[in-house]
Amino acid sequence: GGGDDASGGGGASAIDAAAAGAKKALKIIKEAMKTDANKVCADCGARGPNYVCSTFNTFICTPCAGVHRKFGHRVKGVNMATFTLDEAKKLSEHGNAYANERYLAKRKPTAALPSPSDGYKHENFLRSKYIDKAWYKAKKSKADEAAAAAAAAAAAAKGG
């Protein structure tokens, strides 16, 4: 049988590459966590979030992670899970500010975030924010705007 043996032919190098990728991914995530918006939980404002919700590319605290899991959102512990480079890049490019600019766009900025200790009220807040999209407003990211500007410039250069 040609190439059926899983242990032969460069299996170790693929594992080494994956480990190196995971290490690089964690480094990217740790850097992203240093921005002001990502130093606090995206959902309750608690300092030092140690989870990510990869469904929304946000950094969240333990109690909020529990609610997200309950809703079926993808949650990973920063120091307990392995991340792909793609996941790390999304977290780095998006993060809490990006998500909250969209999911809390129509909410009064002065309105207090419910504390996880508020139980039901906190869960309802997260349901309203992410599932019902009660305060959601689509916004272009800086990358989207740059791409649109580049496309417009290219069209203008072509004369049309």
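Here, every reference points to the structure presented above.
If you're wondering where the values come from, they're calculated on a predicted model, not measured in any experiment.

Rules and cut-offs
Residues numbered from 1 in each chain as written. Predicted model: local features only at pLDDT ≥ 70, side-chain atom pairs only at ≥ 80, totals over all residues. Heavy atoms only, no water. Helix = DSSP H or I, 4+ residues; strand = E, 2+ residues; numbered from the N terminus. Contact = heavy atoms within 4.5 Å. Areas by Shrake-Rupley, 256 points an atom, 1.4 Å probe, with all protein chains shown as cover. Salt bridge = Lys/Arg side-chain N within 4 Å of Asp/Glu carboxyl O. Core = buried A, V, L, I, M, F, W, Y, C linked by side-chain atoms within 4.5 Å. Buried < 20%, exposed > 50% of the residue type's maximum accessible area, 1.4 Å probe, protein only. Phe/Tyr/Trp six-rings, centres within 6.5 Å; stacked < 30°, edge-to-face > 60°. Lys NZ or Arg CZ within 6 Å of the ring centre and 35° of its normal. Polar contact = N/O pair within 3.5 Å; in protein donor to acceptor, adjacent residues only side chain to side chain. Axes fitted to C-alpha atoms, helices over the stretch in contact; angles between N-to-C directions. Parallel < 35°, antiparallel > 145°, perpendicular 65-115°, else oblique. Left-handed = near helix turned anticlockwise from the far one by under 90°. Nonpolar A, V, L, I, M, F, W, Y, C, P; charged D, E, K, R; others polar. Disulfide = S-S within 2.5 Å.

## Structural notes on the overall build of the protein
Link 1 in the chain: Secondary structure summary: the protein contains 6 helices and 3 strands in total.
Link 2 in the chain: Ordering the α and β elements of the protein from the N terminus gives α-β-β-α-β-α-α-α-α.
Link 3 in the chain: Looking at the protein alone, contacts between residues at least 24 apart form 59% of all its contacts between residues at least 6 apart.
Link 4 in the chain: Looking at the protein as shown, the accessible area adds up to about 9600 Å², and 55% of this sits on carbon and sulfur atoms.

## A look at the pattern of salt bridges
Link 1 in the chain: Counted according to the given criterion, the structure contains 9 salt bridges.
Link 2 in the chain: The salt bridge involving Lys 34 is made with Glu 31; its shortest N-O contact spans 2.9 Å.
Link 3 in the chain: Here Lys 70 ties to Glu 123 by a salt bridge, and the two come within 2.8 Å at their closest N and O atoms. Of this pair, Lys 70 sits in helix α2 (residues 62-70) while Glu 123 sits in helix α5 (residues 120-131), and the two are 53 residues apart along the sequence.
Link 4 in the chain: Here the salt bridges do not stand alone but share partners, grouping Lys 70, Glu 123 and Arg 127 into one network.

## Comments concerning the nonpolar core
Link 1 in the chain: Residues Cys 41, Ile 60, Cys 64, Leu 126 and Tyr 130 are the most contacted members of the largest nonpolar core, which totals 20 residues.
Link 2 in the chain: Leaving out residues up to four positions away in the same chain, Tyr 130 has contacts with Ala 42, Asp 43, Phe 56, Thr 58, His 68, His 73 and Tyr 103.

## Here's the deal with the packing of aromatic side chains
Link 1 in the chain: Counted according to the given criterion, the structure contains 5 aromatic pairs.
Link 2 in the chain: Ring centres 5.5 Å apart and planes at 35° place the aromatic pair Phe 125 and Trp 135 in the tilted group. Linking Phe 125 in helix α5 with Trp 135 in the loop between α5 and α6 (142-158), this pair joins segments that are 10 residues apart in sequence. When sorted by exposure, Phe 125 lands in the same class as Trp 135, which is buried.
Link 3 in the chain: Grouped by ring-pair contacts, the aromatic residues Phe 56, Tyr 103, Tyr 130 and Tyr 136 constitute a single cluster.
Link 4 in the chain: Lying over the aromatic face of Trp 135, Arg 107 brings its terminal NZ or CZ to 5.3 Å of the ring centre.

## Observations concerning the environment of Thr 62
Link 1 in the chain: The residue Thr 62 is located in helix α2 in this model.
Link 2 in the chain: When its relative accessible area of 42% is taken as the criterion, Thr 62 is described as partly exposed.
Link 3 in the chain: Residues in contact with Thr 62, not counting those within four places in the same chain, are Asn 50 and Tyr 51.
Link 4 in the chain: Of note is the side chain of Thr 62, whose polar atom sits 3.3 Å from the side chain of Asn 50.

## Let's talk about the packing of α2 against α5
Link 1 in the chain: Orientation of α2 relative to α5, taken along the N-to-C sense of each, is 60°, at an axis distance of 10 Å. As summarised for this structure, α2 and α5 are arranged oblique, according to the angle between their axes. Between α2 and α5 lies a crossing of right-handed hand. Contact residues: Cys 64, Val 67, His 68 and Lys 70 in α2; His 122, Glu 123, Leu 126 and Tyr 130 in α5.
Link 2 in the chain: Considered class by class, the residues forming the contact of α2 with α5 number 4 nonpolar, 2 polar and 2 charged.

## Observations concerning the environment of Ser 115
Link 1 in the chain: Mapped onto the secondary structure, Ser 115 falls in the loop between α4 (95-103) and α5.
Link 2 in the chain: Using a relative accessible area of 30% as the deciding quantity, one classes Ser 115 as partly exposed.
Link 3 in the chain: Taking the C-alpha atoms as reference points, Ser 115 and Asp 43, 72 residues apart in sequence, are found 8.9 Å from one another.

## Description of the state of the cysteines
Any covalent bond linking the sulfur atoms of two cysteines counts as a disulfide.
Link 1 in the chain: Using the criterion set out here, one finds 0 disulfides in the structure.
Link 2 in the chain: With no disulfide of its own, Cys 41 lies closest to Cys 64 among cysteine sulfurs, the gap being 3.7 Å.
Link 3 in the chain: Taking the relative accessible area as the measure of exposure, Cys 41 reaches 2% and is therefore buried.
Link 4 in the chain: Of the cysteine sulfurs around Cys 61, a residue in no disulfide, the closest is that of Cys 44, at 3.6 Å.
Link 5 in the chain: The exposure class assigned to Cys 61 is buried, which follows from its relative accessible area of 8%.

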